[in-house]
Every structure is written in C-alpha cells, then in structure tokens.
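Next come the chains, spelled out residue by residue.
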Amino acid sequence: MSQNEVNKKYTKGKQKNLFSPVIAMVLFVAAAVVTYILFSNSLGNPIDQDADMRAIGQEIRQALEGEQGEEVADINGNKYYERDLDVIIANLKIYKTFQKMTEEQQRQQAGDELILQELYLLEFDRLGLEVTEEEFNENVDSMRTQMQEEIANETASAAQFQQYLEGMGLTFSQYWQDEYTRVALRNDLKTQKVREYICMEIEGLSSVNENAVLSYLSGLIEDGTYHIVLFGEEYQ
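This write-up is about the structure you can find in this document.

### Quick word on the overall build of the protein chain
- Counting its secondary structure elements, the protein chain contains 11 helices and 4 strands.
- Split into buried and exposed, the 236 residues of the protein chain put 47% on the buried side.
- Accessible area for the protein chain stands at about 11800 Å²; split by element, carbon and sulfur atoms hold 44% of it.

### Re the packing of aromatic side chains
- Within the structure shown, the criterion is met by 6 aromatic pairs.
- With a centroid separation of 6.2 Å and an interplanar angle of 80°, the aromatic rings of Tyr-164 and Tyr-175 are classed as edge-to-face. Residue Tyr-164 is located in helix H8 (residues 156–168), and its partner Tyr-175 is located in helix H9 (residues 172–175); the two are separated by 11 residues in the primary sequence.
- The interplanar angle of 90° and the centroid separation of 5.0 Å between the aromatic rings of Tyr-175 and Trp-176 together place this pair among those described as edge-to-face. Note on accessibility: Tyr-175 and Trp-176 belong to one class, buried.

### Here we look at the packing of helix H7 (residues 133–152) against helix H10 (residues 179–202)
- Between H7 and H10, the shortest axis-to-axis distance is 10 Å and the interhelical angle comes to 110°. In terms of axis orientation, H7 runs roughly perpendicular to H10. You can see that H7 and H10 cross each other, and the crossing is right-handed. On H10, the residues that touch Glu-133, Glu-135, Phe-136, Asn-137, Asn-139, Val-140 and Met-143 of H7 are Arg-182, Leu-185, Arg-186, Leu-189 and Lys-193.
- The residue makeup of the contact of H7 with H10, split by class, is 5 nonpolar, 2 polar and 5 charged.

### Regarding the nonpolar core
- Residues Ile-75, Ile-115, Leu-119, Phe-161, Trp-176, Leu-217 and Ile-228 are the most contacted members of the largest nonpolar core, which totals 59 residues.
- The element best represented in this core is helix H6 (residues 103–126), accounting for 8 residues.
- Among residues more than four places away in sequence, those in contact with Ile-115 are Ala-73, Ile-75, Ile-228, Leu-230 and Tyr-235.

### Examining H8
- If you check H8, its first and last C-alpha atoms are 19 Å apart, about what 13 residues at 1.5 Å a residue would give, namely 18 Å.
- Residues of H8 that are buried include every one of Ser-157, Ala-158, Gln-160, Phe-161, Tyr-164, Leu-165, Gly-167 and Met-168, and no others.

### Details of the side chain of Asn-209
- Note on placement: Asn-209 falls in the loop between H10 and helix H11 (210–222).
- In this structure the side chain of Asn-209 is engaged in a polar contact, spanning 3.0 Å, whose partner is the backbone nitrogen of Asn-211.

Cut-offs used in this document
Along each chain, residue indices are assigned from 1 in the same order as the chain's sequence is written. Note on the predicted model: pLDDT of at least 70 is required for a residue's local features to be given, and 80 or more for side-chain atom pairs to be given and counted; whole-chain, interface and lining totals, by contrast, use all residues. Just so you know, side-chain values use all the structure's heavy atoms and leave hydrogens and water out. Numbering of helices and strands runs from the N terminus, with a helix taken as a DSSP run of H or I at least four residues long and a strand as a DSSP run of E at least two residues long. Buried means the residue's accessible area, taken with a 1.4 Å probe over protein chains only, is under 20% of the maximum for its type, while exposed means over 50%, and partly exposed covers the values in between. Here the Shrake-Rupley method, with its probe set to 1.4 Å, supplies the accessible areas, and only the displayed protein chains count as covering residues. Only rings of Phe, Tyr and Trp enter the pairing, Trp through its six-membered ring, and a pair is recorded when the two centres are within 6.5 Å. The plane angle decides the type: under 30 degrees is stacked, over 60 is edge-to-face, the rest tilted. Each axis is a line fitted through C-alpha atoms, and for a helix only the stretch in contact is used; angles between axes span 0 to 180 degrees, taken between their N-to-C directions. The labels follow the angle: roughly parallel below 35 degrees, roughly antiparallel above 145, roughly perpendicular from 65 to 115, and oblique for the rest. In a left-handed crossing the near helix is turned counterclockwise from the far helix by less than a right angle, and in a right-handed crossing that turn is clockwise. By the convention used here, residues are in contact when the closest approach between their heavy atoms is within 4.5 Å. Think of it as three bins: nonpolar holds Ala, Val, Leu, Ile, Met, Phe, Trp, Tyr, Cys and Pro, charged holds Asp, Glu, Lys and Arg, and polar takes everything else, Gly as well. In this text, buried Ala, Val, Leu, Ile, Met, Phe, Trp, Tyr and Cys residues form a nonpolar core when linked through side-chain atoms within 4.5 Å. Take the number of residues in a helix, subtract one, and multiply by 1.5 Å to get its expected span. We call two N or O atoms a polar contact when they sit within 3.5 Å, provided that within protein one can donate a hydrogen and the other can accept it, with sequence-adjacent residues counted only if both atoms are side-chain atoms.

Written as structure tokens, this is what we have:
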C-alpha cells in the first residue's frame, strides 16, 4: 500500500478531529528540548531560529519548580495540573506557529498536546511495552555525542542549546543528569516505541504513519478505553 493510500485509509470517516492539525506536526510531545533542536528540521517541522531559548529555559524551570496549580485534565482518573500545562506551553514556544496564536488558542493547543502526550505514555503501559536501561543509556549517549559535535562545529543548533542551558541554570554535564531532562528523554523513547508498535504491529504498516496513529488513539477514546476530561469538559 502506498503512502497516499495509507493516508486516505486513515482519514476517512469518524477519525481524528479529536486532535488539532498542529499537534500532528510534533513527533516528540513535550520532548526534551535537545530532541527538538537536533531532529525537528529533519522531521519537517523546524523550530524558530529566532526563538528566545534562554527565556524558554527559564520559563520551563519556573514551571517545574512552581506550585502544581489547579487540575486541568483527567484521563481515567490520572490527574494533570496547571504546572503540566505550563511546561508544555513553554516547550511549544519554540515554534512560530504556536507563537502566533492567541493566549486562549495556545492554552487549548497545549491542552491537546498534554492529552496526546499522556495517551502515548498510558498506551505504552497498557500494551506492555518496555524501554530497557541499556536502550535508554545508549540513546542519551548518542544525543549527547551529537550535541557535542554541534557545539564543536559552532552551529546554530548548538547556540540555541547553550542559551537554553543558561535559562535552565544548568551546565552541559548537568543537563544530562537533570531529572526533568531524563524523564523527557525516556518519554521520547516510549513515544517512539508505541507509535511504531501501533503502526507496524497493530495496523500492519511498514512505517510510522501519523494519520494511522491518530486514528488508532481516536478509536480508543471513542470506544471508552480512555475517558478524558480537559478544562472541565468531556474530550470528544
């Protein structure tokens, strides 16, 4: 089946108005910033080269260290709070598309992103998938080496990353041991694995297809596998 045929199959009928168009552009939801910087260009969703990475780093750190705030979402009894939303909003500010939104639109976009992020992680667990410590450490080492090469070559990506580190109040070495970073990097791997499993093992495709992934997740919401409330309203 060609890629066009796959896309047509998964865009018919009931599927995926549950997720906004911009969401589909972000492969690593609420990912570690190093992931965005290293891979967003190759994924066809380049970050804003003029984004104030220092300010973004500061905003993420402030959110992580702040109060959890009020509840904003619930998925099958799992609660998510304003702090979770604030971290996602700060992450998404690296994209021009997001920067151009109104504050209300940004909040809704971040809410959708939060739901998608957590659905990936919950489905990863429900399907019994695993990220081994060896896999995780190899991935971290690979990304660290890639960024060291960027820094040695004095690339624009390296400059953005170093500004981000300043905002977060971390050195290069501290970044890779930072609790938030390591959780985000592990979640990146979980997200990749569950997307691959959905497409290749469940749907029988030869590669990851965004429409197939979102159609699958939409189906799980519609059949009641996941009951979601976002901003006090049923997510449907």
